[in-house]
Amino acid sequence: MTSRTLPSRPVVGPVAGVASGVLGLGIAELIAALAGGASPLLALGDRVIDLTPRWLKEAAVATFGTADKPILLACVALVTLGLLGVAGALAVRRLALGVGMLLILGAVDIAALLADRSGNGTAGIIALLIGLAAGITALVLLTRRLRQASRTGAAIEAEAPDGFDRRRFLVAASAVTAVGVASGVGAKVVTGRRHPATKVAIPATVSPAAPLPAGAELRIDGLTPHLTPVEDFYRIDIALLTPRLDVADYRLKIHGLVDNPVELTYQDLLAMPLYERRVTICCVSNEVGGDLIGNATWTGVRIRDVLARAGVDPDADAVKSTGADGITIGTPLEALTDGRDSLLAIAQDGEPLTRDHGFPVRMVVPGLYGYVSATKWLTELEVTRFADFRAYWTDRGWSAEGPIKTQCRIDLPGEDVMPGKRTVAGVAWAQHRGVSKVEVRIDDGPWQPAELAAEDSIDTWRQWTYRWDATEGEHRVQARAFDRTGEPQTDWEAPPAPDGATGYPTRTVTVG
Ligand SMILES: Nc1nc2c(c(=O)[nH]1)N[C@H]1C(S)=C(S)[C@@H](COP(=O)(O)O)O[C@H]1N2
Ligand SMILES: [Mo]
């Protein structure tokens with residue numbers, strides 16, 4: 001009886017459903033990869049990101065930081081597996097119900113593929129249909145015996161009618177799952193092969209960044225370095241599937257309110273005068289004390305040089321830029337043409353941009369939060385008027401304009417220190433206005449001047465340090481920065497939405 005009994009129905013159904021689903025998805029991914037189509041799984045994930053309400057997205061970024069994407073993908077995968085399990089459980093009772101559920105799941109994914117902007121949606125849909133057929137076939141075969149058993153009235157735990165026993169079922173389900181997983185792995189290998197890292201050489205710049213002034217880097221252990229290495233640079237974007245653009249067929253379209261629309265290739269951009277500048281870019285979602293900010297050396301062409309090629313209509317007041325992930329970003333024309341070093345960057349720290357940070361071309365605009373200026377995977381610049389368009393984040397309640405607010409961060413000391421002379425230190429920023437002063441106060445005492453590192457430029461942050469005679473007990477350390485107009489940052493505590501967090505950074509330190 002033991003080896004020839006069926007596993008109980010509550011197990012068979014879900015196991016068969018998940019195994020069939022994994023097979024179907026794996027095959028769909030493999031065929032999509034071979035045909036150069038959009039990935040059905042990632043298209044689904046992308047749609048989920050798109051449809052996620054703003055509060056949830058913000059909570060996800062706040063909770064998981066830049067791990068939000070892998071976690072979201074894991075959630076999509078778990079929910080999908082759960083639904084496949086349900087489809088299997090239904091199939092055991094009534095095949096039509098289980099198959100119907102798979103068809104519905106397939107239809108949802110087809111809708112996601114239709115909305116996909118990152119690749120060939122049609123090839124993705126065909127791949128998905130083939131995967132779906134394979135999944136349905138597997139589900140029918142895996143659950144067939146059990147349905148027969150129920151129909152003939154045989155007890156679920158009783159001997160199977162014609163030898164389809166527990167072991168055979170498990171072997172079959174494992175085989176189906178294994179083929180699915182292997183296909184998925186194969187898909188990953190194929191996509192990796194198709195897109196080898198592009199080798200690009202960055203030509204010499206006509207205007208290298210000024211040498212870093214002596215004393216701009218304080219070299220204090222635990223203090224944020226003046227320049228953020230690429231691998232530590234924060235990453236924020238809506239792209240679940242990091243766009244892969246090929247420099248060979250890269251085109252930047254400049255159109256809208258211009259005299260003559262132009263299209264520039266990557267080579268066209270490299271042939272223009274290249275400028276190298278250090279600029280600190282910052283995310284509007286950065287909480288007070290947060291780390292969604294970084295300073296790098298960017299190399300690229302000046303946006304005003306590019307716009308001059310097209311000839312800008314005097315009526316225009318904005319540029320709407322588009323990234324290959326589908327984002328749209330609105331930037332005041334003035335910030336791109338008023339003489340500051342707004343760049344179409346092609347390199348970060350002397351190396352071609354990484355894919356995460358916008359390869360092959362991104363915008364970098366001193367003084368504006370990233371969501372209104374720092375378009376990665378840039379494909380299009382439309383000269384326009386703020387009154388005439390909406391952008392991705394303004395559609396979701398964020399301000400149309402986003403000048404970076406004067407802010408600072410406390411990096412040192414840690415939360416537990418010994419009594420005595422201690423270093424309080426951090427960074428302060430007021431991009432394109434410049435930081436003129438930082439002050440520190442302990443336990444609501446008087447504000448005391450901190451010592452500022454040498455100024456690199458008004459477009460970069462500035463390190464600061466303060467010697468604190470720490471006495472035993474719990475203390476509250478606060479800091480505030482002033483910009484070059486003499487204006488201090490506001491003490492008003494505001495969240496990031498809709499145009500940047502405010503309030504003093506505060507650290508509670510236990511001394512003893
Ligand atoms: N294409 C694209 N560009 C984008 C975004 C995006 O979602 N897609 N996010 C913007 C935001 S909100 C920020 S803060 C910066 C972050 O740039 P980084 O990831 O290189 O640090 O990119 C900006 N550029
Ligand atoms: Mo951002």
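The name an unreviewed UniProt entry assigns to the chain is DMSO/TMAO reductase YedYZ molybdopterin-dependent catalytic subunit, from the organism Nocardioides albus.

**Student:** Pulling in residues and values, what's your account of the sheet that holds strand β16 (residues 451–452)?
**Tutor:** One open sheet holds the four strands; their spatial order is β11-β13-β17-β16, and the pairing between them is antiparallel. In this open sheet, the two strands that pair with only one neighbour each are β11 (407–412) and β16. Examined bridge by bridge, strand β13 (residues 420–429) and strand β17 (residues 462–470) share nine bridges and lie antiparallel to one another. Note on β17: the bridge partner recorded for V427 is Q463.

**Student:** Report on helix α4 (residues 68–93), specifying residues and quantitative values.
**Tutor:** Taking 1.5 Å per residue as the helical rise, α4 with its 26 residues ought to reach 38 Å, and the 38 Å between its terminal C-alpha atoms agrees with that figure. Listing the buried residues of α4 in full gives D68, K69, V76, T80, L84, G85, A87, G88, A91 and V92.

**Student:** Give a detailed account of the UniProt feature "transmembrane region" (unreviewed entry) in the chain, specifying residues and quantitative values.
**Tutor:** Here, UniProt's "transmembrane region" (unreviewed entry) annotation points to residues 12–35, 71–90, 95–115 and 121–142. Span residues 12–35 is 100% helix and 0% strand, its end C-alpha atoms 34 Å apart. Counting secondary structure, residues 95–115 comes out at 95% helix and 0% strand; the distance between its end C-alpha atoms is 31 Å.

**Student:** I'd love a proper account of the sheet that holds strand β1 (residues 251–256), names of residues and values included.
**Tutor:** Paired through backbone hydrogen bonds, the strands of a sheet run either parallel or antiparallel to each other. Taken together, the five strands give an open sheet; going across it, the order is β2-β1-β10-β5-β6, and neighbouring strands pair in mixed fashion. Looking at which strands have only one partner, the edges of the open sheet turn out to be β2 (262–265) and β6 (328–332). Between one strand and the next, the sheet's axes are offset by a mean angle of 20°, whatever the strand orientation. Where β1 meets β2, four bridges bridge the pair, whose relative direction is antiparallel. When the bridges of β2 are listed, I254 appears paired with V262. Contacting β1, β2, β5 (318–323) and β10 (378–384), helix α9 (residues 303–310) runs over the sheet at an angle of about 135° to β2.

Criteria and cut-off values
Numbers given for residues are sequential positions, taken from 1 along each chain in its written order. Chains carry letters and ligands carry numbers; both start at the beginning, A for chains and 1 for ligands, and go up in the order they are written. Reporting in this predicted model follows two pLDDT cut-offs: at least 70 for local features of residues, and 80 or more for side-chain atom pairs to be given and counted; totals over whole chains, interfaces and linings ignore these cut-offs and use all residues. The side-chain figures draw on all heavy atoms in the structure; neither hydrogens nor water molecules are used. Should DSSP find at least two bridges between two strands, the strands are regarded as paired. Helix numbers and strand numbers start at the N terminus; a helix is a DSSP run of H or I with at least 4 residues, a strand a run of E with at least 2. By this rule, a helix spans an expected 1.5 Å times one less than how many residues it contains. Relative accessible area decides the class of each residue, using a 1.4 Å probe on protein chains only: under 20% of the type maximum gives buried, over 50% gives exposed, and in between gives partly exposed. UniProt positions are given in the numbering used here, feature names are shortened, and annotations may be inferred rather than shown by experiment. What counts as an axis is a line fitted to C-alpha atoms, over the stretch in contact for a helix, and the angles between N-to-C directions run from 0 to 180 degrees. The contact rule is simple, with two residues in contact once any of their heavy atoms fall within 4.5 Å.

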